Amino acid sequence: MKNVHPIGETLKFYRRLNNVSQKDISTGICSQAEISKIENGKVMPTVELLQQLAIKLCVPMSELVKDGAEHRLEQARILDQALRKLVRENKFDKCLRVMKQVSSSRSSDEVRRIMRYYEIVIAYRQQHVDYRTTSVLFARLIDQEGLQVQDPILYFRVKMALSILYAECEQYQQAEKIYTDVLQFTTEISGLKEERLKILYNYAKLLYKVNQPEKGLRIIEEGILLSRKLKQTSYLAHFYYQRGEFHERMGVDILQTKHDYTMAYELFSAFQMKQYADIVLEVKRSFLQSMPE
C-alpha cells in the first residue's frame, strides 16, 4: 500500500470528522482536485493553502503538520473527545456515523482501538448485547490489542468500564477485583495518574454501595492526596463529598461530616461547577457550616 504523507491523512481525518466534503472545503480556496491530490499524497500544499484549510476546519495549522507518533496520538485524542461527548449525550447513531466517516484502511492503531472501544460501549448502551457479551468483548480488546503495553491509558479506561458494568449488574466482587488489580498496576507513563484518580473515585462509589466504609475512607484519602498533588480541584470536591457520605452513614463524627460537605460545596462553587454545588445545597443543606445567601 502506498504511504500517504501525514498532512494528507490528517487533512482527510479532520475533514471527515467535521463531515465536510472535498468540494465544500475547497470552495473559495482551490479546486476540489487539489484537495484530492493532497489527501492522496500526490502534491504537497503550500503554507498559504494550509493556513486557509486550517481556518475552514477550525483547527490550528500546527495540527495539520504534525508527524509520526505525535500525529497519530493527536488524532486519537481529538476523535476520543468528539465520541465521548456524543456518547454522554446519548447520540449513539451520530457517534457511529462519525466513526464511519473517519474510518479508513490507513487509520492508525490508536484511532482504530478508540473506535473499537466506543463500538462496544454503544452496542451495550443500545441493548444490542448483554453485559456478559460486553465483558467478553472488552476482555478480548484488552488481550488482542495488548493494551496494557500498547495503550495503558485505554487499558485503564476499558478496565474501569468493565468494573462499572459489573457493578451495574450487581456483580460487586468482580467489580472490586478489577479495581484492586488496576490500582496495583503502576507506571510513570504520562496521563496515568489522572486515570488513577478516576479509578479511586469509582472504587469509592462501589465501596459505598456495598457498605465498606473503612476501606472506602482509605481509598478517598488517597484520592484527596493525589487530587491536591495534581491540582485536580474537580476530583478534590467529589472526594470531599464522598467522604461526607461515608461519615454521615457511619454517624460517628458529625463535625467531620459537616466539614466534608462544606468543603465540597465551597470547591464546587469556587470553580463554577454550579450543577454539583446546587446538588450539595439541595440535598445536604443541613450539614453546611456556612449557609449561602
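For clarity, every value in this text was computed on a predicted model and none was experimentally measured. (Residues numbered from 1 in each chain as written. Predicted model: local features only at pLDDT ≥ 70, side-chain atom pairs only at ≥ 80, totals over all residues. Heavy atoms only, no water.)

Asker: Can you walk me through unusual backbone geometry in this structure?
Answerer: If a residue is not glycine, its phi is most likely negative; likewise, a peptide bond is most likely trans. A positive phi angle is found at Gln 127, which is not glycine, with a value near 60 degrees. Position of Gln 127 among the secondary structure elements: in the loop between helix 8 (109–125) and helix 9 (131–145). Backbone geometry places Lys 231, a non-glycine residue, at a positive phi of 60 degrees. Take Lys 231: it is sitting in the loop between helix 14 (213–230) and helix 15 (233–250). (Helix = DSSP H or I, 4+ residues; strand = E, 2+ residues; numbered from the N terminus.)

Asker: I keep staring at the nonpolar core and nothing clicks. Help me out?
Answerer: One recurring pattern in soluble globular proteins: nonpolar side chains tend to sit buried together. Counting residues in hydrophobic clusters, the biggest one holds 87 residues, and the most contacted among them are Leu 79 and Tyr 117. The biggest single contributor to this core is helix 11 (residues 152–168), with 10 residues. When near neighbours in sequence (up to four residues on either side) are disregarded, Tyr 117 contacts Phe 138, Leu 141, Leu 154, Arg 157, Val 158 and Ala 161. (Core = buried A, V, L, I, M, F, W, Y, C linked by side-chain atoms within 4.5 Å. Buried < 20%, exposed > 50% of the residue type's maximum accessible area, 1.4 Å probe, protein only. Contact = heavy atoms within 4.5 Å.)

Asker: Could you clarify how one ought to interpret the pattern of salt bridges in this entry?
Answerer: When charged atoms on two side chains of opposite charge get close, those side chains can pair. One pass over the structure, following the stated rule, counts 18 salt bridges. Here Arg 84 and Asp 80 are joined by a salt bridge, their closest N and O atoms 3.1 Å apart. Remark: Asp 80 and Arg 84 occur in helix 6 (residues 68–88); sequence separation between them is 4 residues, near one turn of the helix. Residue Arg 84 is classed as partly exposed on the basis of its relative accessible area of 25%. The buried category is assigned to Asp 80, whose relative accessible area is 10%. Here Glu 221 ties to Arg 243 by a salt bridge, and the two come within 2.7 Å at their closest N and O atoms. Here the residue Glu 221 occupies a position in helix 14, and Arg 243 occupies one in helix 15, the gap between them amounting to 22 residues. The network of salt bridges with shared partners includes Asp 109, Arg 112, Arg 113, Glu 145 and Asp 151. (Salt bridge = Lys/Arg side-chain N within 4 Å of Asp/Glu carboxyl O.)

Asker: Where do I start with the packing of helix 7 (residues 92–102) against helix 8 in this structure?
Answerer: The angle between the axes and the distance between the axes are what describe a pair of packed helices. Between helix 7 and helix 8, the least distance of the axes is 11 Å, while the angle of their chain directions is 155 degrees. By the angle class used here, helix 7 and helix 8 are roughly antiparallel. Seen from above, helix 7 lies across helix 8 with left-handed handedness. For the pair helix 7 and helix 8, the contacting residues are Phe 92, Cys 95, Leu 96, Met 99 and Val 102 in the first and Met 115, Tyr 118, Glu 119, Ile 122 and Arg 125 in the second. When the residues that make up the contact of helix 7 with helix 8 are grouped by side-chain class, the tally is 8 nonpolar, no polar and 2 charged. (Axes fitted to C-alpha atoms, helices over the stretch in contact; angles between N-to-C directions. Parallel < 35°, antiparallel > 145°, perpendicular 65-115°, else oblique. Left-handed = near helix turned anticlockwise from the far one by under 90°. Nonpolar A, V, L, I, M, F, W, Y, C, P; charged D, E, K, R; others polar.)

Taken by themselves, the reported measurements are silent on function.
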